[in-house]
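In case you want the letters, here they are:
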Amino acid sequence: MITSTCLSINEENHLTIGGIDTTKLAAKYGTPLYVLDEDTIRANCRLYTESMNRFYDGNGLILYASKALCNTALCKIVASENMGVDVVSGGELYTAHKAGVPMDKVYFHGNNKTADELELALSLGVGRFIVDNRDELLLLNSLCEKMGKKASILFRVTPGIDAHTHDFIMTGQIDCKFGVVLETGDAMDIIRLASTLENVTVVGVHCHIGSQIFDLDPFCEAAKVMVNFMGDVKDTLGLTLTELNLGGGFGICYTEADDPIPYDKYMEAVSKVVKETTAKRGLPLPKILMEPGRSIVGSAGITLYTVGSVKPIPDVRNYLAVDGGMGDNPRYMLYEAEYEFLLANRAGDEKNEVYTIAGKCCESGDLLGEHIALPKAKPGDVLAVLATGAYNYSMASNYNRIPRPAMVMTSGGKERVVVKRETYEDVIKNDCE
Ligand code: LLP
């Protein structure tokens, strides 16, 4: 089932993205190939920015969570859509900086930022630091002193929300490597400590309750808990926090089983909760930040592979091996993440065979999917995996010294390369004798 609006099937029975024949893209740029539709990415950005305007009078900022997919082209696109960028490492920060993202719109996350990363961020003038823990707070304060800088900070708080999602990406609960715990009083204590430090100013709090979430309730509950905590901070410490960052995690459609809520529904519901709870607690309305990653890029992307071999093992399974795998998409291995697959060169054909899709790495678990229905496949067919725009390229590796794929972006019926295919020279370029 094709759900993304940028995908279609043309008269030749080929899959198209952004109106362009994917078999032609595969022939021209080689496979594996990441292809993203820029027009879809921009439309997704606007869904968020417009709903922030509609439901919260524009008193906020949408930050693109660049961990979902970070490169120069994408940072430029989101910046031109008036969004900020959430970065979580020196590498993401550097990319955003080089792409020209205004640094005051960059929010620096991470549970263990190094002194080097913090110094880079301070020297570039990053807008906000999302401080994760006490040690980081003290380190940041002392680096500020050394560099003669001041930092505006938010604290990452774990609000104790148990969002219904895969265990590995469930982060709002108390047993979590990220953030300071609200329930135990740690969150209040760290804000008290920060308010005594010379070089940091606490402007707000942040939470992120998980990823690929379809329910509105955990987001609303988190917003309520966070605003009440802001009320407690004011009552206890006399400090009025002005920013509330509610993180990302909005689910997308990978398969028929997924039923995402329209993104403006989140904004509508969360705005209501924030307005009601601030009124109850006698607080001014805070600036709201939201950090969508997957829902900006996920459904805008596909990956194209060439089928290399088909190996039936009677009464066991049929393997279909492609020229990529865990190196360009480790998500099946990590989370048993499910995707839609189709043969791009026979896109509308009946799916009357069932395959296990294997990658080319020297690892039995290197699979992209199991129990995948496809038309009878043969070497040379182009396999398309849908909704791979998020957490594929950004999680890619060079395992087995396989060069990482190129990335092409389509827009207005044209395409351009936004990331070149790695070469064997790239693979050895940091090797020393
Ligand atoms: N903000 C913070 C603080 C986060 O930790 C994350 C994701 C996001 C925003 C963006 O969440 P999104 O809107 O993309 O769900 N590798 C996993 C996902 C890990 C998400 C980590 N944090 C995957 O492939 O599913």
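A quick note: this is a predicted structure, and the numbers were derived from the prediction, not measured.

Next up on the list: the nonpolar core. A general feature of soluble globular proteins is that nonpolar side chains tend to end up buried together. Counting 113 residues, the largest nonpolar core has Ile41, Phe129, Leu140, Ile153, Val297, Ile357 and Leu383 as its most contacted members. Counting residues per element, this core draws most heavily on helix α8 (residues 217-237), at nine residues. Here this core spans two domains, since at least three of its residues come from each of domain 1 (7-37 + 298-428) and domain 2 (109-292). Leave out the neighbours within four places in its chain, and Val297 touches Leu36, Ile41, Tyr64, Ala68, Leu69, Leu74, Gly389 and Ala390. Membership of the second largest hydrophobic core comes to 19 residues, among which are Leu7, Ile17, Val35 and Leu304.

The next subject is the layout of surface pockets. Using a probe with the size of a water molecule, rolled over the atoms, empty space left in the structure can be pinpointed. Within this model, the second largest pocket holds a volume of roughly 360 Å³. Here the element with the most residues in the lining of the second largest pocket is helix α2 (residues 38-56); it accounts for four residues. For the lining of the second largest pocket, the class distribution of residues is eight nonpolar, seven polar and one charged.

Within the structure shown, the criterion is met by nine aromatic pairs. Arranged with centres 6.3 Å apart and planes meeting at 15°, the rings of Tyr263 and Tyr266 form a pair that is stacked. Here Tyr266 and Tyr263 lie together in helix α9 (residues 263-281), a separation of three residues that amounts to about one turn. Judged by relative accessible area, Tyr266 falls into the buried class, the value being 1%. Here the aromatic cluster, defined as three or more aromatic residues joined through ring pairs, consists of Tyr48, Phe219, Phe250, Tyr263 and Tyr266.

Let us look at the site of the ligand. Neighbouring the ligand are 19 residues; Ser211, Glu291, Arg294, Arg331 and Tyr391 lie closest to it. In this structure, a nitrogen atom belonging to the ligand sits 2.7 Å away from a side-chain N or O atom of Glu291. Interatomic distance of 2.6 Å between a side-chain N/O atom of Tyr391 and an oxygen atom of the ligand. For the ligand, the protein covers 91% of the area, taking 580 Å² as the surface of the free molecule. Each residue belonging to the shell around the ligand can be placed in one class, and the counts come to six nonpolar, seven polar and six charged. Looking at which domains feed residues into the shell around the ligand, each of domain 1 (7-37 + 298-428) and domain 2 (109-292) supplies at least three.

Thresholds, definitions, all that
- Think of each chain on its own: its residues are numbered from 1, step by step along the sequence as written.
- In keeping with the model being predicted, local features are shown solely for residues with a pLDDT of at least 70 and side-chain atom pairs are shown and tallied solely at 80 or more, while totals for entire chains, interfaces and linings include all residues.
- Excluded from the side-chain calculations are hydrogens and water; all other atoms, namely the structure's heavy atoms, are used.
- Remark: nonpolar core denotes a set of buried residues (Ala, Val, Leu, Ile, Met, Phe, Trp, Tyr, Cys) joined through side-chain atoms within 4.5 Å.
- The rule is simple: take the accessible area with a 1.4 Å probe, protein chains only, and divide by the maximum for that residue type; under 20% is buried, over 50% is exposed, in between is partly exposed.
- For the purposes of this entry, the term helix denotes a DSSP run of H or I that reaches at least four residues, the term strand denotes a run of E that reaches at least two, and both are numbered from the N terminus.
- By convention here, the domain bounds are inherited from an automatic or database domain assignment.
- By definition in these notes, contact holds between two residues if any of their heavy atoms fall within 4.5 Å.
- Lining residues are defined by having an atom within 4 Å of a point belonging to a cavity or pocket. Those points lie on a 1 Å grid over the protein atoms alone, cavities being sets where a 1.4 Å probe fits but cannot get out and pockets being open sets with protein on both sides within 12 Å along at least five of seven lines.
- Grid points are joined across faces, edges and corners, and a volume is the space filled by probe spheres set on the points.
- Note on residue classes: Ala, Val, Leu, Ile, Met, Phe, Trp, Tyr, Cys and Pro are nonpolar, Asp, Glu, Lys and Arg are charged, and everything else, Gly too, is polar.
- Here the aromatic set is Phe, Tyr and Trp, taking the six-membered ring for Trp, and pairing holds for ring centres within 6.5 Å; pairs whose planes are under 30 degrees apart are stacked, those over 60 apart are edge-to-face, and all others are tilted.
- The near set for a molecule or strand comprises every residue that places at least one heavy atom within 4 Å of it.
- Here a polar contact means two N or O atoms within 3.5 Å. Within protein one must be a hydrogen donor candidate and the other an acceptor candidate, and residues neighboring in sequence count only if both atoms are side-chain atoms.
- Accessible surface area values rest on a Shrake-Rupley calculation with a 1.4 Å probe, where residue burial reflects the displayed protein chains alone.

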